[in-house]
Every structure is written in structure tokens, then in C-alpha cells.
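If you want the building blocks of each chain, they are given just below.
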Amino acid sequence: SDSGSDSEDSSLSDSELQEAFARGALKPGLNVVLEERPKRRNDTDGLKQCLAEFRQQLTWVERLDVTLGPVTDPVSQSASTSDAVDPENDFQREMSFYRQAQAAVLEALPRLRKLHVPTRRPDDYFAEMAKSDQQMQKIRQKLKSKQEAMERSEKAKQLRAMRKYGKKVQVEILQKRQKEKKNMLNAVKKYQKGLSDKLDFLDEEQTSSQGNKKGNASQRTKKGPNAKRRYKNQKFGFGGKKKGSKWNTKESFNDVSSFQSKVAHNKGPGKGGRGGKGGKKALNKRPGKRARQKMKNRAR
Amino acid sequence: MAAKRKRGALAAGKAKRARSIPSAGEAVPEGGPREHSIPPPVSQGKWKNKERVLIFSSRGINFRTRHLMQDLRTLMPHSKGDTKMDRKDQLFVINEVCEMKNCNKCIFFEAKKKQDLYMWLSNTPQGPSAKFLVQNVHTLAELKMTGNCLRGSRPLLSFDPIFDRVPHYALLKELFIQIFSTPQYHPKSQPFVDHVFTFSITDERIWFRNYQIIEEDASLVEIGPRFVLNLIKIFQGSFGGPTLYENPHYQSPNMHRRLIRLSVAAKFREKQQVKEVQKIKKKGTKVLVEEDPTEVVFETPAEEKPVEIQLVKPESKPIVKDKKKLRKIQRKKQKKLFRTEG
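Please read all numbers here as calculations on a predicted model, not as lab measurements.

How each quantity is defined
Residues numbered from 1 in each chain as written. Chains lettered and ligands numbered in written order. Predicted model: local features only at pLDDT ≥ 70, side-chain atom pairs only at ≥ 80, totals over all residues. Heavy atoms only, no water. Helix = DSSP H or I, 4+ residues; strand = E, 2+ residues; numbered from the N terminus. Buried < 20%, exposed > 50% of the residue type's maximum accessible area, 1.4 Å probe, protein only. Contact = heavy atoms within 4.5 Å. Areas by Shrake-Rupley, 256 points an atom, 1.4 Å probe, with all protein chains shown as cover. Pairing = 2+ DSSP bridges. Right-handed = clockwise from strand over helix to strand, strands pointing away. Polar contact = N/O pair within 3.5 Å; in protein donor to acceptor, adjacent residues only side chain to side chain. UniProt positions renumbered as here; feature names shortened; annotations may be inferred. Axes fitted to C-alpha atoms, helices over the stretch in contact; angles between N-to-C directions. Parallel < 35°, antiparallel > 145°, perpendicular 65-115°, else oblique. Left-handed = near helix turned anticlockwise from the far one by under 90°. Patch = residues over 30% accessible without salt bridge, like charges linked within 9 Å, V, L, I, M, F, W, Y side chains within 5 Å. Salt bridge = Lys/Arg side-chain N within 4 Å of Asp/Glu carboxyl O. Lys, Arg positive; Asp, Glu negative; His and termini not counted. Charge placed at Lys NZ, Arg CZ, Asp CG, Glu CD. Buried area = accessible area lost by both parts, 1.4 Å probe.

Asker: Whenever I open this one, the overall build of chain B confuses me. Can you help?
Answerer: The helix and strand tally for chain B stands at six helices and eleven strands. A burial count over chain B gives 42% of its 342 residues as buried. Taking as baseline every contact in chain B between residues at least 6 positions apart, the subset at least 24 positions apart corresponds to 63%. Here chain B displays about 21,800 Å² of accessible surface, and carbon together with sulfur accounts for 54% of that area.

Asker: Hey, could you run me through the environment of V228(B) in this one?
Answerer: Residue and element names in this part refer to chain B. Take V228: it is sitting in strand β10 (residues 226-237). As for V228 and V137, which are separated by 91 residues in sequence, their C-alpha atoms are 7.1 Å apart. Apart from residues no more than four positions distant in its own chain, V228 is found in contact with L133, V134, Q135, N136, R205, I206 and W207.

Asker: Looking at this structure, I do not really get the pairing of strand β1 (residues 53-57) of chain B. What am I missing?
Answerer: It is a general feature of regular strands that their side chains alternate between the two faces of the sheet. Residue and element names in this part refer to chain B. Counted residue by residue, β1 has five buried out of five residues, so it is predominantly covered. What you see with β1 is no split at all: V53, I55 and S57 on one side and L54 and F56 on the other are buried throughout. By the bridge criterion, three bridges tie β1 to strand β2 (residues 79-81) in an arrangement that is parallel. Directly across from L54, in β2, lies its bridge partner K80. Tracing the backbone out of β1, into helix α2 (residues 63-75) and back to the parallel element β2 gives a crossover that is right-handed. As paired elements, β1 and strand β3 (residues 105-112) share five bridges and run parallel to each other. Counted as the bridge partner of S57 is F109 from β3.

Asker: Looking at this structure, how should I read the side chain of E128(A)?
Answerer: Tracing the chain through its elements places E128(A) in the loop between α5 (90-114) and α6 (133-193). Polar contacts involving the side chain of E128(A) include one to the side chain of R151(B), which spans 2.5 Å.

Asker: Whenever I open this one, the UniProt feature "coiled-coil region" (unreviewed entry) in chain A confuses me. Can you help?
Answerer: Residues given the UniProt feature "coiled-coil region" (unreviewed entry) here are residues 129-156 of chain A. Along residues 129-156 of chain A the backbone is 86% helical and 0% strand, and the end-to-end C-alpha distance reaches 40 Å.

Asker: What should I look at first to understand the packing of helix α2 (residues 44-54) of chain A against helix α4 (residues 167-180) of chain B in this one?
Answerer: Helix-helix packing is described using two parameters, namely the angle between the two axes and the distance between the axes. With their axes 9 Å apart at the nearest point, α2(A) and α4(B) run at an angle of 25 degrees to one another. Here α2(A) is positioned roughly parallel relative to α4(B), judged by the angle of their axes. Here α2(A) runs over α4(B); the crossing is left-handed. Two secondary-structure elements touch here, α2(A) through T44(A), L47(A), K48(A), C50(A), L51(A) and F54(A) and α4(B) through P167(B), H168(B), A170(B), L171(B), E174(B), L175(B) and Q178(B).

Asker: Looking at this model, I keep getting lost on a positive patch on the surface. Mind explaining?
Answerer: All names here are of chain A. A cluster of basic residues, K189, K193, K228, R229, K246, R286, K289, R292, K296 and R300, forms a positive patch on the protein surface. For the positive patch, the elements supplying multiple residues, two or more each, are α6, α8 (227-236) and α12 (289-299). Per-element tally for the positive patch: the top contributor is α12, with three residues. By secondary structure assignment, the location of R292 is in helix α12. Among the residues examined, R292 registers a relative accessible area of 32% and is labelled partly exposed.

Asker: I keep staring at a negative patch on the surface and nothing clicks. Help me out?
Answerer: Residues and elements named next belong to chain B. Together, E291, D292, E295 and E299 make up a negatively charged patch on the protein surface. Positionally, E299 belongs in the loop between α5 (253-283) and α6 (323-341). By relative accessible area, which is 58% here, E299 ends up exposed.

Asker: Please clarify how the interface of chain A and chain B should be interpreted in this entry.
Answerer: On the side of chain B, 82 residues touch chain A, which itself brings 59 residues to the contact. Around 6,500 Å² of area is buried between chain A and chain B when both sides are counted, 60% of it from carbon and sulfur atoms. Considering only the side of chain A, the residues that lose the most area to chain B are F54(A), E62(A) and E128(A), jointly responsible for 12% of the buried surface there. Between chain A and chain B we count six salt bridges in total. Where E174(B) meets R63(A), a salt bridge forms, and the shortest distance between an N and an O atom there is 3.3 Å.

Asker: Before we go on, may I ask you to explain unusual backbone geometry in this structure?
Answerer: Most peptide bonds take the trans configuration, and most residues that are not glycine carry a negative phi. Note that the residue after G127(B), namely P128(B), is joined by a cis bond; omega there is 5 degrees. P225(B) follows G224(B) through a cis peptide bond whose omega is -10 degrees. Following the sequence through the fold, P225(B) ends up in the loop between β9 (220-222) and β10. Its identity as a non-glycine residue notwithstanding, N266(A) has a phi of 60 degrees, on the positive side. Along the polypeptide, N266(A) turns up in the loop between α10 (261-264) and α11 (269-277). Here the phi dihedral of N136(B) falls at roughly 50 degrees; this positive angle occurs in a residue that is not glycine. Its location among the elements puts N136(B) in strand β5 (residues 129-138).

Asker: Teacher, can you tell me more about the pattern of salt bridges here?
Answerer: Pairs can form between side chains of opposite charge whenever their charged atoms are close. All names here are of chain B. As enumerated under the stated definition, the model contains 17 salt bridges over all chains in all. The salt bridge partner of E51 is K105, with a shortest N-O separation of 3.1 Å. Pair noted here: E51 is in the loop between α1 (2-26) and β1 and K105 is in strand β3, with a separation of 54 residues, a long-range link. Here E51 matches K105 in class, with each residue buried. For E222, the salt bridge goes to R226, with nearest N and O atoms at 2.9 Å.

Asker: Explain the pairing of β5(B) to me, please; I cannot follow it from the model alone.
Answerer: Residue and element names in this part refer to chain B. For β5, the tally of buried residues reaches seven of ten residues, placing the bulk of the element in the interior. Here strand β4 (residues 116-123) pairs with β5 via six bridges, running antiparallel. Bridge pairing links W120 to K131 in β5. The antiparallel pairing of β4 with β5 creates a hairpin that spans five residues between the two strands, and G127 there sits at a positive phi of about 105 degrees. Here β5 pairs with β10 via eight bridges, running antiparallel. For A130, the partnering residue across the bridge sits in β10 and is I234.

Structure representation (C-alpha cells):
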């Protein structure tokens, strides 16, 4: 039971320890007497008495003390969350001190005014200040240099952004010009080829109307070149085959609209249909050379 | 560099003070039309509240503490300075010093180990007094403190409401008020109230700030100085006497440093222990295998050869350049024989 306690406190005799153990106050095992921590002195009565003796009966004007909590900020959320300010959060802490001072000032200034104690220094009252003029100059210099540095960095950022934007705008303008030039040349070529006998392109107005301005001859102009020819003209310009016209582009590669499942899997009725009907009208059969020439002449 | 600055500042301060005192006394009240008229000079009022504070320090303070003391003396026109006290003297000597200087309050700065700063605030003849640990000192001269106030103007004192709730804080509040508030109509004071001292309680410590009042709508700018007071004890008498209050949250800086060192040492020791345990694990336990008697049954030791000692150098072998040549010759011989036979 009490193995190590015989060497411990001599104030507790063995019999007393046995009694305590019987009561259940001691548990089996090694029991060590803990040194009682000296209680921190808090003599409330003494403090109050001392305060009563020490207090001076002075008018408020002599003491100028205000005991108020901080001004509740309508903007901040800290007032709602907790009263205790987190001491590690520097900004919050300093703001609470600031607001406490503000509350005190707001309360005290009217009182002082009533007591005819001046709080505002008139502009021509020159007297010695707590910090010398030299010190204030230094402070002003530091603030100015900080502000200048900030402005400089802001300007640099803006310049960088502007340069990027300017470059973008320049590229856009160049592209637009090139497009216009291309369209103009196409219109001229069209006129030269006789497909459109209007000199509208000189007016620099690209009207995309196709329904309104059709005259007698234009009934046939719609059918002039083939849709495929027109598409290729629009894409590659006039003048016939150019290098790479049969090459794939990204869009044409990704374009699967011309995929016919039945044709691809050889299941369509096309073959059988054609064979059965005897080739009445083949799909997209190209007219012969003579027919084509006729069509072309008619268009002119 | 700091010494030069101090001398220059003091000299300028003294010269200016000499000039300003007559100016404060002779300030002529301007005529009626001005909104904020210059108040009547201070000497016209009766100076009743005779508080005088003695601000001095022990030896071994560093530059920051010295500047803090200077700043306090600048802000409190009812203060007096004194030379450094030798640490060999006991604390109650301070009471006599104060009496000699005719001061009834005292702020005494004590520096220990050139690291820790303690501050005593005391009401000299009868008490009470309080001892604090000062931390986070920032002086007037710091460039981040942009405000300014009249030298000798009276401060407004602002306290946290916690000061009224607990008796020891109430006593401290009274002590602060009596020490820090400038008496009205003090000859070195300015009649304006243009700055405010803030005493707040956060994290079981007292934080001191000094703000300048710019506008009537309570916009403030910090002037400085600023420090944090950690209460250690309150005594009933001045620099002695029975302890009225002891701060349970106070941890002496030595203890603090010791704990840090211990924690670092403990971490290191733990790492070592972990390393040792890993080493032991790696080695593993060696299994002891018993000797098997049946293994040695078939072992027959070889016959012992007689020890031959060579006395004569053996003949050197003939150097054969071409090993195959010997074989070739042999083969040719055999062929010859074969031919002759067959």
C-alpha cells in the first residue's frame, strides 16, 4: 500500500496514514505530498480601504477622466461576434483602442465646452509642440515618399496594362483593315467577272441584301456558279485552284456534318435504289461539259 | 548619434521652453470677432492641485527606455527628472529622494539584465505603489506616429470599463489619474485639451496609447509613446509594505525564457530518443541457434601432412612462348609415324 510514504512527511504518522487509507482518502501506490502552491494574494478589503484613503476629492475638471467602452462601429462585425478583442489580431486591437478614445472624446468635449475649457487651438496661437518641427518634417517626408512610391507603382501597373490593351487594339485594327481590303478586291473581281453589275462597292458600304436588289438577269445569277464553286470562291477567293485547297483545316476536320451513317456502313438504300430504279436521277450528278458551258453563258 | 540628438534636442527644448513660458504667461487675448479666441493665460488661474511626479531610472537602461522617460517628461509638465539611481541602494531610498525633490508621486524605471524593464508607480509618502513589467515600447520619435500636440497641454484620460469592475484595477485607475493628469492652471501647462491618453485592458495587460484630437468629431491620430504594462504586484506602502494584490497571470521574463529553452531542449531530446529507438529496431534481435550435434557426425578431418621446408629454390619452369607450337610439333611427329606405318 503506502510504499514510499514512510520517508515522506514526518507530520503524518503511520497510524494517521492507515486511517486515511481506510477511509479511502489515499489510493494504493506511491503517494507523494504535493507542495501547496502559495495562494496569490488578493486582499480585496485592503485594496478597497487603500483606495478609499488614497482617493482625492477633485472636481472633474482637474482629473479629466472618462471611463467608457469603445464606440460601436456600425460597419464592423466585431461588435456582434464577441466582446473580447483578440490580442493577437493587431488591427482589431488597435481599432478597439481607437474607438475607446473616440468614445471618451465624444463624451468629454461637450462637457469641456460647457466648462469653458478650450479644446481647439486657434490658428495663430504658436507655442512649443511636443515634437519639434524637425521631427514633423521628417515624418512628412516619410509619408510623402511612401505615397510617391505607391503612385509610381500604380502608374507602372497602368502603363503595363495600357500597353497590353494598346497592342490588342492595334492588332484588331490591322486585321479589320485587311479584311476590308480583301472584301473590296473581291467585289471588284465580281464586277469584273460580270456577276454583279453594280458599283456598290465604291460606296464602301457592304450591303448583304440578296433578296431585294435582284433584277431580271439576277434571277439566273443565283444559279450562276455551283454552290460548291461559290463556297470555294468565298473561302479561297477567285481565280481557281490554289495550293492547299484540298487540305484539311481544323474546322473541316472536326466537321462531321457530312457523315451519313447509312453510307458509311454501306447499308443505305442508295445503291439498291439506284440499281432498282435504273438511275433515274443520280445523286449530285454533274452535268456534262456542254451543259455546263450553256449554264455559264446564260449567267453572263 | 543618439547622444548627439539628445543633447541637441534638450538644448533646443530648454531654449524654446524659456521662450514659451513667458509667451504662455503673456498671451494676449485677441479681440472678439475670432471664433476660437486665445484663452486667458494660465497664470490667471489658481493652481490648486499640487501634484508633482518624479520620473527617473536605475542604471543599465537602454536607449529605448531613456527616450521613453524623456517623452513622458515632455508630455507631463508637472514632472521632474533626477539622476540615475545606483542599484545597490534599496528601494525605500527612493522615498527620501522624492521628499527631497518635493514630489508626491513617482515613476521609477528599473532595468534588469539589460533586457527587462520594470516600472514602479507610487504615491510616495504613504503608498500605495505598483510594480509593472513594461513591454512593446514605442517612443515619440518613431516616424509612424504622425500626430503632434502642444507641449504641456492637458490630457484627457480614457479608461476601459473593466477598470471599474475589479478592486485592484480601480486602485490602479486612481493611481493613473493622479499621476498622468496635468493639474489645471499649472504654470508650465497650456490651457488646451488636445490629446487623450488611453488605458485599455486586453490579454490581462494594460495598453497605453496617446492620440491627438484633430477635429471635434473625434478623428484621432496617434502621437506616441505607447507601451504595455503587465501588473506584477500592488503594495500598500510606497516601494514596500504588505502586498495587497499579486497578479496570477504574470510570468516573470526569466521563467518565460526558461520555458522556451526547456521546450527547445525537450524537442531535441525527443528527436534523439526517436532516433535511438529506430536504431534499435533496425538492428533487430539476433536469434541464438543451438549447436546441432548431428551435424558434425560426418566430418572427417584430413590427414596431417608432414611439414616440408624447402631449402633449395625449385627449378624454374622453361618459358614456353608458344604453347601451341609444342602441340604442333607433337602432331607432326605423330603424322610422320602414321605415314610411315600406313
